[in-house]
Amino acid sequence: MFLRTIRKFDYPAIDALLLQLHALDVKGRPDRFTPADHYFSRESFETLLENDNVLAFLAQERQKVLGCCFVSLLEKGSDFPVRTAYVDLLVVDQAHRRQGIGTALFQEVQKRAKKLGAQNVELMVWSYNQPAIKTYEAFGMKPQRSVYELAL
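Below is a short write-up of the structure. (Residues numbered from 1 in each chain as written. Predicted model: local features only at pLDDT ≥ 70, side-chain atom pairs only at ≥ 80, totals over all residues. Heavy atoms only, no water.)

Observations regarding helix 4 (residues 130–138)
Line of reasoning, step 1. Within the span of helix 4, buried status applies to A132, I133 and Y136. Seen end-on, helix 4 carries its buried residues on one side only, within an arc spanning 100°. Pointing more than 90 degrees away from the buried face of helix 4 are the exposed residues P131, K134 and A138.
Line of reasoning, step 2. A positive phi of about 100° marks G140, the residue just after helix 4. (Buried < 20%, exposed > 50% of the residue type's maximum accessible area, 1.4 Å probe, protein only. Helix = DSSP H or I, 4+ residues; strand = E, 2+ residues; numbered from the N terminus. Arc of directions from axis to C-beta.)

Quick look at the side chain of R112
Line of reasoning, step 1. Inspection of the secondary structure puts R112 in helix 3 (residues 101–115).
Line of reasoning, step 2. Judged by its relative accessible area of 18%, R112 falls in the buried class.

Here's the deal with the nonpolar core
Generally speaking, soluble globular proteins have nonpolar side chains that are buried together.
Line of reasoning, step 1. Ranked by size, the top nonpolar core spans 21 residues in total, and within it F57, C69, V71, L90 and L105 carry the most contacts.
Line of reasoning, step 2. When residues of this core are traced back to their parent elements, those giving at least two are strand 2 (54–61), strand 3 (64–76), strand 4 (82–92), helix 3 and helix 4.
Line of reasoning, step 3. At five residues, the largest contribution of residues to this core is made by helix 3.
Line of reasoning, step 4. In this structure, F57 is in contact with R4, T5, I6, C68, C69, V71, L105, E108, V109 and R112, ignoring residues within four places of it in sequence. (Core = buried A, V, L, I, M, F, W, Y, C linked by side-chain atoms within 4.5 Å. Contact = heavy atoms within 4.5 Å.)

Thoughts on the sheet that holds strand 1 (residues 2–5)
Line of reasoning, step 1. Pairing is mixed across the open sheet formed by five strands, whose spatial order is 1-2-3-4-5. Edge positions in the sheet fall to strand 1 and strand 5 (120–123), since each has one partner strand and no second. On average, adjacent strands in this sheet sit at an angle of 30° to one another, irrespective of strand direction.
Line of reasoning, step 2. Both strand 1 and strand 2 contribute to a ladder of four bridges, which runs antiparallel. Of the residues in strand 2, the one forming a bridge with F2 is Q60.
Line of reasoning, step 3. Most of the contacts of helix 1 (residues 11–28) go to strand 3, to which it runs at about 75°, and overall it touches strand 2, strand 3 and strand 4. (Pairing = 2+ DSSP bridges. Axes fitted to C-alpha atoms, helices over the stretch in contact; angles between N-to-C directions.)

A closer look at the pairing of strand 5
Line of reasoning, step 1. Where strand 4 meets strand 5, four bridges bridge the pair, whose relative direction is parallel. Across the sheet, the residue bridging to Y86 is E122, located in strand 5.
Line of reasoning, step 2. One crossover worth recording links strand 4 to the parallel strand 5 by way of helix 3, and it is right-handed. (Right-handed = clockwise from strand over helix to strand, strands pointing away.)

Details of the pattern of salt bridges
Line of reasoning, step 1. As enumerated under the stated definition, the model contains nine salt bridges in all.
Line of reasoning, step 2. Taking the shortest distance from any N to any O, the salt bridge between E149 and R29 comes out at 2.5 Å. Separated by 120 residues along the polypeptide, E149 in the segment after helix 4 and R29 in the loop between helix 1 and helix 2 (42–50) bring together distant segments of the chain.
Line of reasoning, step 3. Linking E75 and R83 is a salt bridge whose minimum nitrogen-to-oxygen distance equals 3.1 Å. (Salt bridge = Lys/Arg side-chain N within 4 Å of Asp/Glu carboxyl O.)

The values are spatial; any link to function lies outside them.
Below you can see the structure in the form of structure tokens.
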């Protein structure tokens, strides 16, 4: 397995991976997510790849894309600005989970983010996604805050 930057020709494989994540979201929060044919349009995907503040890389073995990650570099806070690497998406193909691919992707996030001056890594995970929560905690991440809601 090796890691490399995502390129425009990877769209079909990345779209298929992200649709796996989207299906989980549709199941977990049908009030917020609806089934879709694509996670990103090809145009949105290509625009994202052209953004200098976005890191986009994947894990690959032979010709098979096993997982991918998109990270935004942000300046957060006004009184005490912090350069943050915000993990927008991290997904591993269902058939290849629990094989260290997510760990490799997360380690790459840390390595690239640190090189670019990030002081921390953040992400958001839905409470119904317990396997992801356990994985992030195994990476050493800690809950930062909780968001509560009341449906009206």
